[in-house]
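# Structural overview for review
So you can see what is in the structure, the chains are spelled out below.
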Amino acid sequence: MKVGVYCNKNAKKFLPIQKALFSLLKDRGIPHAVYYSVEEIGAVDALIVLGGDGTILKTAIEAGKRGIVLLGINAGTLGFLTEFEGEQVRDAVSLLESSFETEQRSVLEICVNDGCYYALNDAVFQRSYDEAADNNVVSIGVEIDGKKVDDIVGDGIIVSTPTGSTAYSLSAGGSILTPDIAAFILTPVCAHSLHNRPIVYADTSELRMFLNEEGAALSLFADGRHVCNLRAEDRVQLRKASFCVKFIKNPNSNFFDKLLFKLNKWSR
């Protein structure tokens, strides 16, 4: 197996964990390449991602497109997408040498006119602030499979995968989806009407959204990264991507234990 290690070179607090990981790989005779940017990732079978959730999100789409399985070791603040904590480096390497199982995570494809973007967590459509405007809320029309869902007036909407349901969508009042659910979730952000509620819909469906007002503007973020600005004339469709992201699964962990631990930690 060809192994790559993706590290955040700007985070010095990762260095002791990096050192322990590299030493273990060398001692066990596992050849590996080290990458510090997504563009450097080579032809590997598995990619060890050393960092928090943000670091995994940087690598996930590229790995998914190329069929590379991910193994996350948490060396950051949040590690909901990682299977091991920093002090469990030895367990992570041992799992890599064994007959491991993988877990598939669905990816969201966001098509804007003739361009497409991808997100493991979510697509966020957020109002663009204009201090010269009289009203900075936006009205967003939403259709699923050609049927009108609602006109959502507020700060924007989030379209989330099950993986992203525990991220921004959860903070905005959305439901938690387990990773194996074949669904996406539409969550309004600070809606101005109480009848605008989160909606869970099948990931086989296509969602279309559009701005109801001429001159209005939205900013589109994919996994927290700004990708473009939208106008009323733009065509936007969201669907499940043709590829997924595969994570090596720690047999000693489960989603609900991790969920309870993280929710308790975030509640402090």
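Report follows, based on the coordinates. Only a predicted model underlies this, so the values are computations on that prediction, with no experimental measurement involved.

### So, the overall build of the chain
- A count of helical and extended segments in the chain gives five helices and 17 strands.
- Over its C-alpha atoms the chain spans a radius of gyration of 20 Å, differing by no more than 12% from the 18 Å that the globule rule assigns to 268 residues.
- Expressed along its principal axes, the backbone C-alpha trace of the chain runs to roughly 65 × 35 × 35 Å.
- Split into buried and exposed, the 268 residues of the chain put 50% on the buried side.
- Counted over contacts in the chain with a minimum sequence separation of 6, partners at least 24 positions apart contribute 67%.
- A total of about 13200 Å² of accessible surface is found on the chain, and carbon and sulfur atoms cover 49% of it.
- For the chain, the distance from the average position of its 28 positive side-chain charges to the average position of its 33 negative side-chain charges is 7 Å.

### Some thoughts on the pairing of strand β16 (residues 225-231)
- Bridge analysis of strand β15 (residues 217-222) against β16 gives six bridges, and the strand direction is antiparallel. Residue pairing for β16: F221 is matched across the bridge by H226.
- From the end of β15 to the start of β16, which pair antiparallel, there are two residues, and D223 there has a positive phi angle of about 55°.

### Section: helix α2 (residues 53-66)
- Spanning 14 residues, α2 covers 20 Å between terminal C-alpha atoms, matching the ideal 20 Å at 1.5 Å per step.
- Of all the bends found along α2, the most pronounced is centred on A60 and spans about 40°.
- Restricting attention to buried positions, one finds in α2 the residues D53, T55, I56, L57, T59, A60, I61, A63 and G64.
- In this fold, the buried residues of α2 make contact with β1 (3-7), β3 (46-51), β4 (69-74), β6 (101-112), β7 (115-119) and β17 (236-249).

### What about the state of the cysteines?
- Enumeration over the complete set of coordinates arrives at one disulfide.
- Here C111 is linked by a disulfide to C116, with a sulfur-sulfur distance of 2.5 Å. Residues C111 and C116 are joined through a disulfide that is right-handed, its torsion about the S-S bond being 85°.
- Looking at C116, the relative accessible area reads 37%, which means it is partly exposed.
- Free of any disulfide, C228 has its nearest neighbouring cysteine sulfur in C116, separated by 11 Å.
- C228 sits in the buried class, given a relative accessible area of 13%.

### Observations regarding the packing of helix α1 (residues 15-27) against helix α3 (residues 89-96)
- One can describe the packing of α1 onto α3 by two numbers: an axis separation of 10 Å at closest approach and a directional angle of 35°. Considering the relative orientation of α1 and α3, their crossing is right-handed. Together, I17, A20, L21, L24 and L25 of α1 and V89, R90 and V93 of α3 make up the contact between the two elements.
- Of the residues in the contact of α1 with α3, the class split is seven nonpolar, no polar and one charged.

### Concerning the environment of I181
- With respect to the helices and strands, the residue I181 is situated in the loop between α4 (168-171) and β12 (183-189).
- Residue classification places I181 among the partly exposed residues on the basis of a relative accessible area of 37%.

### Topic: the packing of aromatic side chains
- By the definition in use, this model includes four aromatic pairs.
- Judged by centre distance (6.0 Å) and plane angle (85°), the rings of F80 and F255 are edge-to-face. Of the two residues, F80 sits in the loop between β4 and β5 (84-85) while F255 sits in helix α5 (residues 255-266), which places them 175 residues apart along the sequence.
- Aromatic pair F255 and F256: ring centres 5.4 Å apart, planes at 80°, arrangement edge-to-face.
- Accessibility expressed as a relative area gives 17% for F255, which makes it buried.

### Considerations on the sheet that holds strand β8 (residues 122-127)
- If you walk across this open sheet you meet the six strands as β13-β12-β11-β8-β15-β16, and the pairing is antiparallel. The sheet is open, and its two borders are formed by β13 (199-202) and β16, each paired with just one other strand. If you compare each strand with its neighbour and ignore which way they point, the axes differ by 20° on average.
- Two elements, strand β11 (residues 156-160) and β12, share five bridges in a ladder whose sense is antiparallel. Bridge pairing in β12 places S160 opposite I185.

### Topic: the pattern of salt bridges
- Counted by the stated rule, this structure contains 12 salt bridges.
- D155 is the salt-bridge partner of R127, the closest N and O atoms lying 2.8 Å from each other. With R127 in strand β8 and D155 in the loop between β10 (147-154) and β11, this residue pair connects regions lying 28 residues apart in the sequence.
- Here R127 falls in the partly exposed class, since its relative accessible area comes to 25%.
- E143 is the partner of R208 in a salt bridge, and the nearest nitrogen-oxygen pair spans 3.7 Å. Here R208 is found in strand β14 (residues 207-211), whereas its partner E143 is found in strand β9 (residues 138-144), with 65 residues between them in sequence.

Scoring rules and cut-offs
Residues numbered from 1 in each chain as written. Predicted model: local features only at pLDDT ≥ 70, side-chain atom pairs only at ≥ 80, totals over all residues. Heavy atoms only, no water. Helix = DSSP H or I, 4+ residues; strand = E, 2+ residues; numbered from the N terminus. Rg over C-alpha atoms; globule rule 2.2 N^0.38 Å. Buried < 20%, exposed > 50% of the residue type's maximum accessible area, 1.4 Å probe, protein only. Contact = heavy atoms within 4.5 Å. Areas by Shrake-Rupley, 256 points an atom, 1.4 Å probe, with all protein chains shown as cover. Lys, Arg positive; Asp, Glu negative; His and termini not counted. Charge placed at Lys NZ, Arg CZ, Asp CG, Glu CD. Pairing = 2+ DSSP bridges. Expected span 1.5 Å × (residues − 1). Bend = angle between axes of the 7 residues up to and from the residue. Disulfide = S-S within 2.5 Å. Axes fitted to C-alpha atoms, helices over the stretch in contact; angles between N-to-C directions. Left-handed = near helix turned anticlockwise from the far one by under 90°. Nonpolar A, V, L, I, M, F, W, Y, C, P; charged D, E, K, R; others polar. Phe/Tyr/Trp six-rings, centres within 6.5 Å; stacked < 30°, edge-to-face > 60°. Salt bridge = Lys/Arg side-chain N within 4 Å of Asp/Glu carboxyl O.

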